[in-house]
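Here are the chains, one letter per residue:
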Amino acid sequence: MRNWTRRAGLPAVAAFAVVLSGCDLEVLNPGAIQDADVVTPELMPVLVAGASAEYNDVQDNYAFDIARLSDELAGTGSYGSTQDFRTGFYTDQDAEGDWEQMHEAAWAAGQAWTRLQEVLGGSESSSVLGARLFVYQGHAYMRLGEAYCKVAFDIGPSEPRANAFARAKASFDQAYTIASAAGSGADQWRLAAKLGQAQAEFGMAVEGTGSWATASAAAAAAIAEPGMTIDFSDDAIYAQGANTNLFWIETWNRAEVGVYRTLAQAMYENETDPRTKFTKCGEWNDLASAYPDNIPGGVTKTGNCDGDGSGAHQGADGDHAHYRQDIYDDRGSDIPRASAIEMYMIMAEAALQGTPDYATFIGHINTVRAHHGLAALAAPTAMGNFLQWPYTADDVTDANASTANAILDRERYANLWMQGKRLYDLERWNHPFLTSDGWITGSTSVADRVSCFPMPRNECQLNPNMAGDPACG
Amino acid sequence: MKIYEATQADEVVPALIIGNLGNADLGPEVSTELEMGFEASMLDGRMSIDFTKYDQTTRDALIGVQEAPSFGTEEATLRNLGETTNKGYEAILNVSPVRSDFLDWNVNFSYSSNESEITDLGPLQNAGGNLQLGFPIGVEYDPVVMNPTAVGQAEDTELAVLGVVFPQEIIALGTRMTFSQALTLDVLFESQVGHSRTIGIGWATARRETWPHCFGIQNEFNANGRTNLTPNQVVTCVPGKIDWGAWTQDADFIKLRSASLSYRLPDDLIPGTRSVSLSLQGKNLWQTTDYQGLDPEATDRGLDRGEYAFEYYNMAPPRILILNMQVNF
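Each chain carries its own residue numbering, running from 1 in the direction its sequence is written. Here every chain gets a letter starting at A, and every ligand a number starting at 1, in the order they are written. With the structure being a predicted model, the display of local features is reserved for residues of pLDDT at least 70 and the display and counting of side-chain atom pairs for 80 or more, all residues being used for whole-chain, interface and lining totals. The basis for the side-chain values is all heavy atoms of the structure; hydrogens and waters are excluded.

1. Regarding the sheet that holds strand 15 (residues 310–311) of chain B
All names here are of chain B. Keep this limit in mind: A pair of strands counts as paired when DSSP detects no fewer than two bridges linking them. Under the scheme used here, helices are H or I runs from DSSP no shorter than 4 residues and strands are E runs no shorter than 2 residues, and both carry numbers assigned from the N terminus.
Pairing in this open sheet of three strands is mixed, and the strands run 12-11-15 from one edge to the other. Only two strands of the sheet have a single neighbouring strand rather than two, namely strand 12 (248–250) and strand 15. Relative to strand 12, strand 11 (residues 196–199) runs antiparallel, the two sharing three bridges. Along strand 12, the bridge assignment pairs Ser 196 with Asp 250.

Following this line, the structure appears as structure tokens:
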């Protein structure tokens, strides 16, 4: 009897405790969920959240790739990709990940929309859920157009990237229609759709299938949209527990990339520009050389950073001082897909097309600068050149970078820093950075840096309509 | 059947994403196999032979097919569209040349071959890079330099199968000699041929300009460009031009898998014990191979998924020495 009590007592107490706690021992992780079970209106928000997750999952990777390929961030770590990207080298295999995931984000939104139509019985056309899906889809198309030299859809042949912008425009149009019908509960998405429309018009203007006048008008319409404020942005969302911002991981948790020798460094050091804020976690001991390749004096801690990743004061390669970006200063920092500030940049650039309207141009620029507490710039009197690489602090001051193109280059850079927009800007401006040699280590780069992503190798291999397509080399 | 997977989105809200599209027309694989062989023992059991030949054909094979990414999903979908063949031999020969109180000597020899081939993929030429029509299951498919030795020329590359994951032949030879029922020497050699590996560590390290074998080529390229270099040298060692395929090498090898020497002490040597034996065993003591990576058997992620095998985040199999003393009371 005593033995029985000893053996059975503990399980009995545990079972009683479970009963008292109200726990019903239900298995909460359902594992794979069958399609036939995702047919109730209550599950539609969860399905739309999945489409959001698909987009969020790629936005930071995409923008991080572009930051490393452009002059937004300098690779100071040990990743093989970082080593290649900082020299401007980017292969058809490197291009696979962003391509796959952006297509999947657009596709997932379309699949979810089909399910909404089946389940909601017509009310999806005035549902915030529908508006959200088309915003996600529109941005997935936008990113494909901005980054890839050629695009392809639905296992078809290659197409001009302008077609991606046209698809994005159609998605944003639908998002706007649905959000408007949905009423005040969808205000955020109505504004997001409006920003997206202008972004798409901007892309089509650049590619010659639209016009700068239309793009500028769309941006102005976005600014004028009821409820829009200058600090509004439509963001890809990151969070502590769901999906961590990759920029934070690689600059705060690690020291894989930094701001050293970027335009951001020069701008922040010149006028403490809050848009390019960074912190010097380490500092060169030997500054005799402007760009000390071999760092004869090494790097010392500044005491400004307390990160413990793989060495907060120097890059993960052990060679370089770590200059840490401070825009995405939390693992849950969100990344803008589109913003009201970007609208001002579109309007400013549009004002320089044809016969330049310098007053209108600088008016838009200064509106944004004022928002950030920065001094107004004088109107330029000439188009001038884009900034010359390598950037020096003196070259990018307000006084010295005073022509229209230099101002546009600098202001668009700062306002859209690390949002995945810079590579497209460099390409369409034929920016000196693309053809200038040199980077932090080794001072070598490929003859012409990549200015857009090539057609991914797996698309070329798996798409029968790509056989012999020039986009596949 | 299309299935969803649970995940989290945005500010940690529940979310569903499509896990797999499914295939409502999916059916079973149908395999037929012809296997024949024999076992023979002769000379009072001093020689035995075991021989097997097999020839298997699988129709309606389940092949995970990845659509082109522009379709929308990255997930491969199973389809009954393949035919694969798998055939080979297995032979084992055991011989006992000497059986006496002084010496008991056994020799073991085994040989196996395996030849697989994807003979049909329906309308497809491949089902992802590792599954290519007309080739064994699991290959490395990447650009290969067509003008490897043309000094000064730019590399001309074409996609091709560069290697096979699984060894096509495995040969083992072992012997055991026991002297006076006390001292035993046991040795096993093994050779695997017909497969390859990619040296991912070399590939990555060369890109970082820290692979010593590439220093000379990199210095030459920095000084004179490709003028004095072959395309093969460029795609192997010059950062920005290095190709994964250039680091794929034949991984044939001969290894001394194990060797052991054991000695059983006389029964009454240590009072109070029934028996005492000492042994020294070594594993992976020696190998010969032309493969330049860590080890021709090292892989980053194993071989069970039909993917191509390569070195990257892995260690080489260690060399092991074991000294053992066994006492029975």
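2. Overview of the nonpolar core
Residues and elements named next belong to chain A. Spelled out, the test is: Residues belong to one nonpolar core when they are buried, are Ala, Val, Leu, Ile, Met, Phe, Trp, Tyr or Cys, and are joined through side-chain atoms within 4.5 Å. Partly exposed residues are those whose accessible area sits between 20% and 50% of the maximum for their type, while under 20% is buried and over 50% is exposed, using a 1.4 Å probe and protein chains only. By definition in these notes, contact holds between two residues if any of their heavy atoms fall within 4.5 Å.
In terms of nonpolar packing, the biggest core is built from 104 residues, with Leu 73, Tyr 148, Phe 247, Phe 361, Ile 365 and Phe 453 touching the most fellow members. Sorting elements by how many residues they give to this core places helix 11 (residues 340–350) first, with nine residues. Residues in contact with Phe 247, not counting those within four places in the same chain, are Asp 60, Ala 63, Phe 64, Ala 67, Leu 73, Trp 252, Gln 325, Tyr 328, Ile 335 and Met 418. Core analysis: the next-biggest nonpolar cluster, separate from the first, contains 31 residues, Ala 108, Trp 113, Leu 133 and Ile 178 among them.

3. Focus: the packing of aromatic side chains
Residue and element names in this part refer to chain A. Under the convention used in this document: Aromatic rings from Phe, Tyr and Trp, with only the six-membered ring used for Trp, were paired whenever their centres fell within 6.5 Å, and each pair was classed as stacked if the ring planes differed by under 30 degrees, edge-to-face if by over 60, and tilted otherwise.
Overall, the coordinates contain 27 aromatic pairs over all chains when judged by the stated rule. Consider the rings of Tyr 260 and Tyr 323, whose centres lie 5.4 Å apart with planes at 90°: the pair is edge-to-face. Placement of the pair is Tyr 260 in the loop between strand 6 (257–258) and helix 10 (263–271) and Tyr 323 in strand 10 (residues 323–325), with a sequence separation of 63 residues. On the accessibility criterion, Tyr 323 (2% relative accessible area) is buried.

4. Topic: the sheet that holds strand 1 (residues 33–34) of chain A
To be explicit about the condition: Structural elements are reduced to axes, namely lines fitted to C-alpha atoms, with helices fitted over the stretch in contact, and the angle between N-to-C directions of any two is expressed from 0 to 180 degrees.
If you walk across this open sheet you meet the three strands as 1(A)-1(B)-2(B), and the pairing is antiparallel. Of all strands in the sheet, those bounded by a partner on one side alone are strand 1 of chain A together with strand 2 (13–20) of chain B. The pairing of strand 1 (residues 3–9) of chain B with strand 2 of chain B spans seven bridges and is classified as antiparallel. Directly across from Gln8(B), in strand 2 of chain B, lies its bridge partner Pro14(B). Sitting on the sheet, helix 2 (residues 44–69) of chain A is in contact with strand 1 and strand 2 of chain B, with an inclination near 75° to strand 2 of chain B.

5. Looking at the packing of helix 5 (residues 128–147) of chain A against helix 6 (residues 162–182) of chain A
Residue and element names in this part refer to chain A. For clarity, the cut-off: Each angle receives one of four descriptions, namely roughly parallel if under 35 degrees, roughly antiparallel if over 145, roughly perpendicular if within 65 to 115, and oblique otherwise. Crossing handedness follows the turn of the near helix against the far one: under a right angle anticlockwise gives a left-handed crossing, and clockwise gives a right-handed one. Put simply, Ala, Val, Leu, Ile, Met, Phe, Trp, Tyr, Cys and Pro go in the nonpolar bin, Asp, Glu, Lys and Arg in the charged bin, and everything else, Gly too, in the polar bin.
Running from N to C, helix 5 and helix 6 point in directions that differ by 160°, and their axes come no closer than 8 Å. When the axis of helix 5 is compared with that of helix 6, the two are roughly antiparallel. When the axes of helix 5 and helix 6 are compared, the crossing they make is left-handed. Residues Val 128, Gly 130, Ala 131, Phe 134, Val 135, Gln 137, Gly 138, His 139, Tyr 141, Met 142, Gly 145 and Glu 146 of helix 5 touch helix 6, and the partners they reach there are Ala 164, Phe 165, Arg 167, Ala 168, Ser 171, Phe 172, Gln 174, Ala 175, Ile 178, Ala 179 and Ala 182. Looking at the contact of helix 5 with helix 6 residue by residue, the class counts come to 14 nonpolar, seven polar and two charged.

6. Section: the packing of helix 8 (residues 212–224) of chain A against helix 11 of chain A
All names here are of chain A. At their nearest, the axes of helix 8 and helix 11 sit 9 Å apart, and the two run at 150° to each other. Taken as axis vectors, helix 8 and helix 11 run roughly antiparallel relative to one another. Classified by chirality, the crossing of helix 11 by helix 8 is left-handed. Between helix 8 and helix 11, the residues in contact are Trp 212, Ala 215, Ser 216, Ala 219, Ala 220, Ala 222 and Ile 223 and Ala 340, Met 343, Tyr 344, Ile 346, Met 347, Glu 349 and Ala 350, respectively. The residue makeup of the contact of helix 8 with helix 11, split by class, is 12 nonpolar, one polar and one charged.

7. A short note on the interface of chain B and chain A
For clarity, the threshold we go by: By buried area we mean the combined loss of accessible area, with a 1.4 Å probe, across both parts when two parts are placed together. What counts as a salt bridge is simple: a side-chain nitrogen of Lys or Arg found within 4 Å of a carboxyl oxygen of Asp or Glu.
At the junction of the two partners, chain B supplies 36 residues and chain A supplies 48 residues. Interface area, chain B with chain A, both sides summed: about 3,800 Å², of which 56% is carbon and sulfur. There are three salt bridges connecting chain B and chain A. A salt bridge links Arg457(A) to Asp142(B); its shortest N-O distance comes to 2.5 Å.

8. Concerning unusual backbone geometry
With omega at -5°, the peptide bond leading from Trp389(A) into Pro390(A) counts as cis. Mapped onto the elements of the fold, Pro390(A) is located in the loop between helix 12 (358–371) and helix 13 (404–415). Positioned with a positive phi, Asp10(B) is a non-glycine residue whose angle comes to about 50°. Among the secondary structure elements, Asp10(B) is positioned in the loop between strand 1 and strand 2.

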